[in-house]
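Each chain is listed here by its residues.
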Amino acid sequence: MTCRIKVNIPPWQLANIPVAVHTHLHTLLFRYSDGLDAVIINITDVAIEQHKPPHVATFAPTVHVYAQAKLLLFQPNRGQILHGVVTKVGHDYCAIKTLGVFNATVSRKDVDTSKFSEENQLVPGTEVRFAVKDVNHEGGFFSLTGALNQENTGPVV
């Protein structure tokens, strides 16, 4: 998705606005964005809008600059089936990592043990498909609650 982003640049970074914009955009990576309702996992094709002069903020010692950029988002929805790898199995839950980065937790009550066998045990390293039960975010942090007891979930064979 292409997005227009407002960047607040402090006075000490005004000597090199492109570097300041890229530095700010880098801080947005792998953080949950309430405005986008997603996690930004990549930013490309950054272009600083040149047709408007920078705007000095009224109540803060910063300058507003606008940039256009293409964003790659991770935006799972409830009920969506995701692929992941089990990283830990506790007595009442299992932890799954999806895309090698994002954490999901599945409660023991949301695991259909009949889907697992001697060859495909629920142990660390097992690849699974799980359903997104809930998307949790707070203060830029992000995690998923999942289920392994729905149709099309379980070990990847």
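Our structure's up above, just so we're on the same page.
Not measured: the values here are computed from a predicted model.

Undergrad: I tried to follow the side chain of threonine 98 on my own but got confused; where do I start?
TA: With respect to the helices, strands and loops of the structure, threonine 98 is situated in strand β7 (residues 93-98). A relative accessible area of 3% places threonine 98 in the buried class. When near neighbours in sequence (up to four residues on either side) are disregarded, threonine 98 contacts Phe74, Leu82, His83, Gly84, Phe130 and Leu144.

Undergrad: What exactly am I supposed to notice about the pattern of salt bridges here?
TA: Pairs can form between side chains of opposite charge once their charged atoms are near each other. With the rule as written, the count across this model stands at five salt bridges. Among the salt bridges present, the one from aspartate 134 reaches arginine 78, with a minimum N-O distance of 2.6 Å. On the criterion of sequence distance, the pair formed by aspartate 134 in strand β9 (residues 127-138) and arginine 78 in the loop between β5 (63-74) and β6 (81-89) is long-range, its members being 56 residues apart. Of the charged contacts in the structure, one is a salt bridge between lysine 133 and aspartate 110, with a shortest N-O distance of 2.6 Å. Here lysine 133, found in strand β9, pairs with aspartate 110, found in strand β8 (residues 102-111); they are 23 residues apart in sequence, far enough to count as distant. A relative accessible area of 34% means that lysine 133 is categorised as partly exposed. In the salt-bridge network here, residues are joined through shared partners; they are Lys109, Asp110 and Lys133.

Calculation notes
- Residues numbered from 1 in each chain as written.
- Predicted model: local features only at pLDDT ≥ 70, side-chain atom pairs only at ≥ 80, totals over all residues.
- Heavy atoms only, no water.
- Helix = DSSP H or I, 4+ residues; strand = E, 2+ residues; numbered from the N terminus.
- Buried < 20%, exposed > 50% of the residue type's maximum accessible area, 1.4 Å probe, protein only.
- Contact = heavy atoms within 4.5 Å.
- Salt bridge = Lys/Arg side-chain N within 4 Å of Asp/Glu carboxyl O.

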